[in-house]
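# Commentary on secondary and tertiary structure
Chain by chain, the residues:
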Amino acid sequence: MIKNFYQFISKVLIAFTILIFISFQTLMAADTGAIRGRVLDKPTKEALIGASLVISGTNIGESADINGKFFIRNVPTGKQELVISYIGYKKLTVSIDLREDQILERNFELEPESLVGQTIVVTAQAQGQLSAINQQLSSNTISNVVSAARIKELPDVNAAESIGRLPGVSIERSGGEATKVEIRGLSPKYNTVTVNGVRLPATGGDDRSVDLSLISSNILDGITVKKANTPDMDADALGGTVDLKLKEAPDKMELNVSLQGGYNQLQKYYGNYNFNGNISNRFFEGDLGLIASVNIDDYDRSADKFQGNYRQSTQALTGITQILLSSLNLREEKVKRGRTGASFLLDYRIPYGKVTANSFYNRLKWDGLYRINRGDILNNRHYYDLEQRGGTTSIFTGAIGMEQDFDWIKYDANISRTASRSKNPGERTWTFSQENAAYLTTQIDPDTPPTMVPNLATIDTNSTGIADLYVYDTRLDENESAVQLNVQVPFRLTDQINGYLKTGGKLRWLNRLNDQEQNGRNGLQYGGGTAVNTILTSTLKYLSQNYPDEFNWKSDSLIARRYGVFPISSFLSNYSRSDFMKGDYPLGFAVDEAKMNKLMDALFATGENRNYAIGSIGRDYDGVERYQAGYFMSEFNVTKYATVIGGVRWEKDYSIYNGQRFREVTLNNIQGPPADLQRLTIERNNEFWLPMIHLIINPTDWLKVRLARTETLTRPDYIQYAPITSINSYQNYIRAANSTLKPAKSANYDVAISVFENTIGLFSVSGFYKKIDDLIFQTTYYLNPGVPVLPGLNIPDNWLKNAAPQVDTYINNPTPATYKGVEFDWQTHFWYLPSVFNGLVLNINYTRIFSEIEKELFFNGQGAIIPGSRPPRRANILIDSSRVARMPDQPAHILNVTIGYDYMGFSARLSYLYQTNKVTYIDRSPALDNFSGTYARWDFTLQQKLDFGIQVFANFTNLNNRADQNFRGEALVSPTYIEYYGFTMDVGVRYKL
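Residues numbered from 1 in each chain as written. Predicted model: local features only at pLDDT ≥ 70, side-chain atom pairs only at ≥ 80, totals over all residues. Heavy atoms only, no water.

### Overview of the overall build of the protein
Of the regular secondary structure elements, the protein holds 10 helices and 48 strands. Radius of gyration (C-alpha) of the protein: 31 Å, near the 30 Å computed for a compact globule of 993 residues. With the principal axes as the frame, the protein shows a C-alpha extent of 105 × 75 × 55 Å. Residue burial in the protein is summarised as follows: out of 993 residues, 57% are buried. Looking at the protein alone, contacts between residues at least 24 apart form 72% of all its contacts between residues at least 6 apart. If you sum the accessible surface of the protein, you get close to 40100 Å²; carbon and sulfur atoms cover 54% of it. (Helix = DSSP H or I, 4+ residues; strand = E, 2+ residues; numbered from the N terminus. Rg over C-alpha atoms; globule rule 2.2 N^0.38 Å. Buried < 20%, exposed > 50% of the residue type's maximum accessible area, 1.4 Å probe, protein only. Contact = heavy atoms within 4.5 Å. Areas by Shrake-Rupley, 256 points an atom, 1.4 Å probe, with all protein chains shown as cover.)

Set out below in structure tokens:
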């Protein structure tokens, strides 16, 4: 593997050395100098990120970086005119006189655009908007930006919320806040997330997505969403790349502190809080810069939830397919979430460059108590569950890098280490089962609304007894190390033709472990009666001896004998809520949390608990992945009107994962040790060449056109190919990963047209088209005799001798998926309006997305008559079919509108977020597809600046009290999930020194 990588890099470096020599000879023959300095806002002295600097009459120029700094090389000697521009500011033209090999140092200050006779200071929201516009225009690819100024002045609760207002971005939500983002309708697992260019590890046990609710926006210095890759970027980004920027130390000491408290309407809870602060300074005559940031918050994320499952039913007479409710789950979730985050950055200036070191840590901790009222309509049973769940998920990144620019060549190198940890220790669950009385006495039909089902139910507390008690421990570790080197050589052939050549390589090592443990006892609802089973006997005696005021052996054992169970009536509390699910559904009986914990402790103290091997090993896996990448690219600026960026990226990956195959065993409804247990190890290799090209056309000073053709990848979810295969105890259901899955590959076509001018602001239209081969989908079929087993499922022949089980697995879809869409984005502020109206700021974007996939489906059928069979029998065959559907997680319409107003030290922002329904799972029929419902939300923010650097603010989220909803079937009338979390309010104070 390493040998192949070195061979590739060697070939690239030989070619690159020749190009360097040619470019160097060109440079040596040219009479040139350089200009460097900073571009600042004249009234505030703030850096103007993305400001454009161009030598008049040429295409030689540069854009200001995150600190407003620039370095323009290859500037012709003699008298020149330098044009400095920044949207929203007056253009500045200055004369310079440059000698050969001279590096001229100049700082420039721009004045905000204003009406004649007026002096305007760019206000908070306008500053954030202008910074985002100019960074977007200066990017070498198609991107959208959340600027540092916007994050700082009007913060969102986390990074996902901030990104969710950009064009083409939709959000996934949990507990009233965004957690993940979908770029252009593609699932979060198809995105790459980086911090200062260092890739973040996945945070979930199943896929490669990153939970962005872990990360507070307050410790960030900007967010960029790149929608078209260049060869120097990691290729596994079908949707796009989210790059989170950490703050850097400015040239003077700064201190920023913010403290806020909040209110949750659903639980009428006033204890929400958020604290964040950062301090920075430079030392040793400015050579050493240090900045430290910290964030601590705690929020009530409680919610009321409805969950429904449905089954398909076909009328015998009409053949009409209907959807029937098969189960109904009502959940009250009392959840607290707290984030703790910190970052530390150091940079030290060395000749021609700097050395940097940074570390970034964020941890999300949550604790929840879940009360669940569960109706199994299909089997006419009823359950009550109580769950204590909680844990932590943390992300760490650390990187050391060095970069130097010698004018004729520059390089950057870094080494990084990242890790994610998810730990859910000691999660407890209890289940009460109603066994001896029917749940529903009346049969429901397709017209029965879910709200009517509880009214038809019969709940018997004495026949509802304790059934299952479990303790779960889950651990997920992912570690990744990377080494990267980039080398860039600029060239200038003439004043109208210049650019750079760039190459580099990257090595990544990833280790991943998923480990689960399940202990406890199940089936306690069986074995009461006249002969109380030994488990109940032991636990009841222990409880009566240790808690005599709450439990009595004589009466409790009598009740257990009488009703055949240890009934729920012995554990009830007086907790109730009339406003549960807005009064549409009953919460039902609530058991006492303290008593349930004593029952669990008694089970373990008496030694009646057992380890459940299937729950402890069923999803365990571990593995390593190794990635090699190299690229070569160039940028050609041909006159000031056109730029061509092209190149190719090579990526190779190797992985080896360990899992297991086993058969579940159940005796008398009690789970036993698994049979046929065998460890499995699977190795895989993949290699890709990915050509890419970008064309940027600037026909005028106010118009920019971008065209791009790129290729990107996505690799399978861990749980899709880690070798885990199991069959249930009834021998009729197999769950199998597919160890032969390939990465999916996409060809992407992008066009973006931007119109920008001080009065208009920025108006852009972007179109995109993606053709994705080998996307991975879940599939189901039956292994009837004669039906082949798909390769890579690791199913042994002896599992199929006496059964025809259903198989759930994953496949690379044989037909490509297509995405296409258009994004409209307008960002402007009305500085030209008279008096107080010039404080208006507007951001509006709309996205229309279309997608299509012909999903492969398998059906079982009968083929030709088997020769010689008596009586004649037809062979079982597997019918390869398909159906056309919309891609999962793709909303058809996305709309974001934000209207802001600044006056003096006052700021207000009213925002509206809207996205239409999304398919979340493609089934065999549109009537069975899963959908998330349309979502719309209003938010409002207020801020007032006071003296001495103090600001007070208030954030009101979800003013319209919108619920999250999911449905079964394309008609969107059969709800599977409803979450009410109410609106939240935060009030705080911020201090800046």
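### Some details on the side chain of Asp-297
Within the secondary structure, Asp-297 sits in strand E18 (residues 288-300). You can call Asp-297 buried: its relative accessible area is 2%. Beyond its immediate chain neighbours, meaning those up to four positions away, Asp-297 contacts Tyr-273, Asn-274, Arg-337, Gly-338 and Arg-339.

### Re the side chain of Thr-461
Assignment of secondary structure puts Thr-461 in the loop between helix H5 (453-456) and strand E24 (464-494). Judged by its relative accessible area of 19%, Thr-461 is buried. With sequence-adjacent residues up to four places away left out, Thr-461 is seen in contact with Pro-567, Ile-568, Ser-569 and Phe-589.

### Here we look at the nonpolar core
Ile-163, Leu-212, Ile-215, Leu-220, Ile-223 and Leu-244 are the most contacted members of the largest nonpolar core, which totals 35 residues. Breaking this core down by element, the ones donating at least two residues are helix H4 (159-163), strand E10 (169-174), strand E11 (177-183), strand E12 (191-195), strand E14 (220-226), strand E15 (240-246) and strand E21 (353-376). The residues contacting Ile-215, other than those within four sequence positions of it, are Asn-158, Ala-159, Leu-200, Leu-220, Leu-244, Arg-339, Phe-360 and Asn-362. Within the second largest apolar cluster, 27 residues are counted, among which are Leu-48, Ile-84, Ile-96 and Phe-756. (Core = buried A, V, L, I, M, F, W, Y, C linked by side-chain atoms within 4.5 Å.)

### Side note on the sheet that holds strand E3 (residues 61-63)
Sheet architecture is open: four strands sit in the order E3-E2-E5-E6, paired in antiparallel fashion. In the strand order of this sheet, the two ends are held by E3 and strand E6 (92-98), each with one partner. In this sheet, adjacent strand axes meet at a mean angle of 20 degrees when their direction is disregarded. (Pairing = 2+ DSSP bridges. Axes fitted to C-alpha atoms, helices over the stretch in contact; angles between N-to-C directions.)

### Some details on the environment of Asp-923
Here Asp-923 lies in the loop between strand E42 (918-921) and strand E43 (930-932). Each C-alpha atom of the pair Asp-923 and Arg-883 lies 9.3 Å from the other, and the pair is 40 residues apart in sequence. When residues no more than four places from it in sequence are discounted, the contact partners of Asp-923 are Arg-883, Leu-928, Asp-929 and Arg-968.

### Remarks on the pattern of salt bridges
Tallied over the full model, the rule gives 50 salt bridges. The shortest N-O distance in the salt bridge between Asp-234 and Arg-649 comes to 3.4 Å. With Asp-234 in the loop between E14 and E15 and Arg-649 in strand E28 (residues 642-667), this residue pair connects regions lying 415 residues apart in the sequence. The exposure class assigned to Asp-234 is buried, which follows from its relative accessible area of 13%. Judged by its relative accessible area of 2%, Arg-649 falls in the buried class. (Salt bridge = Lys/Arg side-chain N within 4 Å of Asp/Glu carboxyl O.)

### Concerning the pairing of strand E17 (residues 269-283)
Inspection of the sheet shows strand E16 (residues 254-264) paired to E17 by 10 bridges, in the antiparallel sense. Considered in E17, the bridge of Asn-256 is made with Asn-278. Bridge count between E17 and E18: 11 bridges; the pairing is antiparallel. What sits directly across from Asn-276, in E18, is Asn-295. Joining the antiparallel neighbours E17 and E18 is a turn of four residues, in which Phe-284 adopts a positive phi near 55 degrees.

### Observations concerning the packing of helix H6 (residues 534-546) against helix H8 (residues 593-605)
It is the contact of H6 with H8, at a shortest axis distance of 9 Å, that shows an interaxial angle of 115 degrees. For the crossing formed where H6 meets H8, the hand is right-handed. Of the residues in H8, those touching H6 at Ile-535, Thr-539, Tyr-542 and Leu-543 are Lys-598, Leu-599, Ala-602, Leu-603 and Ala-605. Of the residues belonging to the contact of H6 with H8, the class tally is seven nonpolar, one polar and one charged. (Left-handed = near helix turned anticlockwise from the far one by under 90°. Nonpolar A, V, L, I, M, F, W, Y, C, P; charged D, E, K, R; others polar.)

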